[in-house]
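Descriptive structure summary
What follows is the residue order along each chain.
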Amino acid sequence: MTIEYAPLYVVPTPLGNLADLSERARAVLSAVAWVAAEDTRHSAPLLRRIGAKARLLAAHAHNENAAAERVLALLASGESVALISDAGTPGISDPGARIVARAHAAGARVIPLPGPCAAITALSAAGFSEAHWLFFGFLPAKSGQRQAALQTVATLPYALVFYEAPHRVLESVADMAAILGAERALLIAREISKTFETLHRLPLNKAVDWLRADPMRQKGEFTLIVSGATAKENAPETAERLLRLFLAEDLPIKQASKLAATLSGRNKNELYARALTIRGQSTEN
Ligand code: SAM
């Protein structure tokens, strides 16, 4: 017997301004039988304010597997569920992925609603023209691990999107300047959609002084976006190292040089010629 699951809705909620709750989100939250919320106490006032009568169940980082089973049982019994987090989009540096994965595995329909997300909102106002961007989320809290994490993305020619807590923003920005490169551009997006919203774009090496100049600048919620590495910042040694690594893994020359070029921002044809030399071949062959 096939089970007819009710749908699981993934519903973004405002980052700070209630008016950012979409009409569709409002309608879904008002229509579903259950809302699975990261923090039920935090989300109850939102549901009350829009007159939603759904019952709440807790779905946070520490009970997500159990919550996933509970959500599945509800969907199986025909009761629709909306998944929400404290603010923004569930599953984006927030719980939700395991519940969604469980619903997919069971064959239930997952219906995502577009809506507020700090990363996307900040990106839209960053003005960086890189074709690609990478969402990193939170860096490790400890400095050594944070620096190591930054090393892993230092040569990527992609804009890098980070979330950061206010008490760590100063040290994180200092590490970014040291590891990613002092001249790269940084967008500080603070308190998006709230009363003290501040967006400020400046070179990374000016950021610590700017944040220190006024203690208010270190308060609230932060999304940080750093422009991608350019060929200038990417020393030729980086491309060479990547190329040798890919060739050692027996990747075809064309693929190895293309990958090394994408990751280092250096010229693909130059790296192709270099790869031929490394493999002991000539362009004539
Ligand atoms: N799921 C959320 C989303 O879609 O953006 C993110 C949740 S994560 C636990 C919270 C982090 O997102 C904050 O620490 C901050 O880095 C970033 N953030 C959330 N609200 C923000 C805001 N109003 N302005 C800037 N960054 C924000």
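Structure shown above.
Source: prediction; values computed, not measured.

1. A few points about helix α6 (residues 143-153)
Within the sequence span of α6, burial applies to R146, A149, L150 and V153. The buried residues of α6 occupy an angular sector of 100° when the element is viewed end-on, so they sit on one face. Facing away from the buried side of α6, by more than 90 degrees, are the exposed residues G144 and T152.

2. Focus: the pairing of strand β7 (residues 159-164)
Within β7, six of the six residues are buried, leaving the element largely enclosed by the surrounding structure. Judged by which residues are buried, β7 turns out to be covered on both faces: A159, V161 and Y163 on one side and L160, F162 and E164 on the other are all buried. For the crossover that starts at strand β6 (residues 133-138), traverses α6 and ends in the parallel β7, the hand is right-handed. Sheet topology note: the β7/strand β10 (residues 222-226) ladder contains five bridges and is antiparallel. When the bridges of β10 are listed, F162 appears paired with L224.

3. Here we look at the packing of helix α9 (residues 236-248) against helix α10 (residues 253-264)
Between α9 and α10, the shortest axis-to-axis distance is 9 Å and the interhelical angle comes to 145°. α10 is crossed by α9, and the crossing has right-handed handedness. Mapping the contact onto sequence places A239, L242, L243, F246 and L247 in α9 and I253, A256, S257, L259, A260, L263 and S264 in α10.

What counts, and where the lines are drawn
Residues numbered from 1 in each chain as written. Predicted model: local features only at pLDDT ≥ 70, side-chain atom pairs only at ≥ 80, totals over all residues. Heavy atoms only, no water. Buried < 20%, exposed > 50% of the residue type's maximum accessible area, 1.4 Å probe, protein only. Helix = DSSP H or I, 4+ residues; strand = E, 2+ residues; numbered from the N terminus. Arc of directions from axis to C-beta. Right-handed = clockwise from strand over helix to strand, strands pointing away. Pairing = 2+ DSSP bridges. Axes fitted to C-alpha atoms, helices over the stretch in contact; angles between N-to-C directions. Left-handed = near helix turned anticlockwise from the far one by under 90°. Contact = heavy atoms within 4.5 Å.

In short, geometric facts, not functional conclusions.
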